[in-house]
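Structural features, examined
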Amino acid sequence: MPETMISMKDVTIRFGSLTANDKVSLEVKEGEIMSLLGENGAGKSTLMKILYGLYTRESGEIVIDGNVMPKRYAPADAIKLGVSMVPQHFMLIDSFTVAENIVLGEEQQISHLMMSKEKACAKVDSLCEQFGIPLSPKQIVGELPMGTKQKVEILKALYRGTKVLILDEPTTVLTPQEVDELFVLLRSLQRKGITIIIITHKLNEVLDISDRVTVMRLGKNMEVLETSHTNAQELSRIMVGKEVSNVYVEQGEDEAKQQNAVFRLVNLHTKREGERCNLQGINLDLFPGKVVGVAGIDGNGQTDLVEVLTGTKALSKGEIRTGDQCILANTVEEMRTLGIGIIPEDRTQQGLVLDLTVRDNILLGYKSDTRFEKHGIINLQSANKYIGDLIQKYDIRPARGNAVCRFISGGNQQKVVLARELERTGLKAVVASQPVRGLDVGAIQFTHSTLLKLRSEGMAILLISSDLDEIKTMSDYIAIIRNGRIVAFKKASDFSKDEIGLYMGGAKSEEVTA
């Protein structure tokens, strides 16, 4: 029977009045893959940061590979005992090569005097061969896709002789193909005896990759289950504390073509900037009461499409039509006046000012709204009542308008964005770009339900996602984008998941006008 590699008993830590971990216990056996499952804010990452030495627990016992850990220790102490952590946001230097990133801080393994780049490359080459990771040590990290960057982070851990590999939300920024590659690599590492802990809130990934799962909620242990003896429904109920139903579009008759489009995107082109893919003749119609899903591997023009519709990137050619208007100069003011609400793919960088409060973030862009403003002065009483109503409607927690957005969970940050963008007057269409990326199951259900409620009220919705399950279940129509062009368009029910993947990967091509 495998020995216990990690033992954490009754671990507690507080941040002010918040108890992030409340007498949490965790046992991980040598050579197993353990999933640590829970909603955003459940305390998963905090527990692993305590194990890794980034946070100091207030009470409780930690044993790593038979070594009883003192109350206060550093990541260097954990690394010496074979514990490594790959963060959600990679800690790599883009201008360095793969080899330079991997040996950084551990150059003495190669030479005590001056590091030889050739020796570093040879050592990394040997490591890649040993673990079956196809990487060139001389590649510049900044030129690599996200999935490959993650492999560099894993190689950094392997270079340091890791026995326990902790991965924090490892699939958040990966495409479906990269997720598959990651899971193949993790199973390979498991066969070599490495213990793996995955922090996640994605139920399908828990069931796909882990041997056991520890479920957390509100900073406490809920249950530990054998993955083979559970299912998604049971896990979601334990994680959220109630039954969670699936949300999906009910396919109806193909009446969209008989309706007038709310917006018509005609031959849209943008200028190429660096390595980023530009638009090269996008044609797409948005219809009232319909969701058009745009599927594609990240980096195929989706960012430019969203920026064109927000007005933050100018068109070099083409036009946007709505009613009897024809827009050639797509400024920010013009696009907002047209009634387009935007849910950006990165809520922290593009959707919120994190150091502002919930109230101030919701009021962004409302400076000319006569409900709150007169002669340039905000009526705080009416504004506060409006914010209070939205906090209740969107179930934003904590339920305080003065809560600073930096310190609320990702799901609640997304609710702030939804409240601001979807409650604007004169809204005609919503552009939702990766709207549930990084969210837990409860926040995903809330976001999807909110979008489908708008659909039922006649709103046109453009959903951009690299998650094929989300695209299939949420869309009336699917457009597939590759290299800045729409290469396929038809009813969602007419696409198989495999067919979508073939179009996305370029194995199938049929450029269309949607």
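Residues numbered from 1 in each chain as written. Predicted model: local features only at pLDDT ≥ 70, side-chain atom pairs only at ≥ 80, totals over all residues. Heavy atoms only, no water.

A closer look at the domain arrangement of the protein
Each assigned domain of the protein is listed with its residue range as follows: domain 1 (1-82 + 163-246), domain 2 (94-159), domain 3 (262-339 + 429-435 + 460-513) and domain 4 (346-425). Using only C-alpha atoms to locate each centre, domain 2 and domain 4 end up separated by 44 Å. (Domains from an automatic or database assignment.)

A closer look at the pairing of strand S19 (residues 429-433)
Counting buried positions along S19 yields five of five residues, so the element is predominantly enclosed. Of the two faces of S19, both are covered, the one formed by Ala429, Val431 and Ser433 as well as the one formed by Val430 and Ala432. Direction of pairing for strand S16 (residues 340-343) relative to S19: parallel, over a ladder of four bridges. Bridging across to S19, Ile342 finds its partner in Val431. (Buried < 20%, exposed > 50% of the residue type's maximum accessible area, 1.4 Å probe, protein only. Helix = DSSP H or I, 4+ residues; strand = E, 2+ residues; numbered from the N terminus. Pairing = 2+ DSSP bridges.)

Notes on the nonpolar core
Core analysis: the biggest nonpolar cluster contains 46 residues, and Val358, Ile362, Val430 and Ile480 have the highest contact counts within it. Domain assignment of the residues forming this core places at least three in each of domain 3 (262-339 + 429-435 + 460-513) and domain 4 (346-425). The contact partners of Ile362, leaving out residues within four places of it in the chain, are Tyr386, Ile387, Leu390, Ile396, Val416, Ala419 and Arg420. (Core = buried A, V, L, I, M, F, W, Y, C linked by side-chain atoms within 4.5 Å. Contact = heavy atoms within 4.5 Å.)

Regarding the environment of Arg191
Turning to its location among the elements, Arg191 is positioned in helix H6 (residues 176-191). Here Arg191 falls in the exposed class, since its relative accessible area comes to 67%. Between the C-alpha atoms of Arg191 and Gly323, which are 132 residues apart in sequence, the distance is 61 Å.

Quick look at the pattern of salt bridges
Within the structure shown, the criterion is met by 25 salt bridges. Between Glu27 and Lys29 there is a salt bridge, with its nearest N and O atoms 3.4 Å apart. When its relative accessible area of 37% is taken as the criterion, Glu27 is described as partly exposed. Note that Lys453 and Glu457 form a salt bridge whose closest N and O atoms lie 2.6 Å from each other. The class of Glu457 is exposed, set by a relative accessible area of 52%. The structure contains a network of salt bridges with shared partners spanning Arg336, Arg420, Glu421 and Arg424. (Salt bridge = Lys/Arg side-chain N within 4 Å of Asp/Glu carboxyl O.)

Observations regarding the pairing of strand S14 (residues 317-322)
Pairing of strand S11 (residues 263-269) with S14 involves four bridges; the strand directions are antiparallel. The residue of S14 that forms the bridge with Leu265 is Ile320. Relative to strand S15 (residues 325-327), S14 runs antiparallel, the two sharing three bridges. Bridge pairing links Arg321 to Cys326 in S15.

Considering the sheet that holds strand S1 (residues 4-15)
Sheet architecture is open: four strands sit in the order S2-S1-S4-S5, paired in antiparallel fashion. The sheet terminates laterally at strand S2 (18-29) and strand S5 (67-68), the two strands that pair on one side only. Pairing analysis gives five bridges linking S1 to strand S4 (residues 59-64), with the strands arranged antiparallel. Bridge pairing in S4 places Ile6 opposite Ile64.

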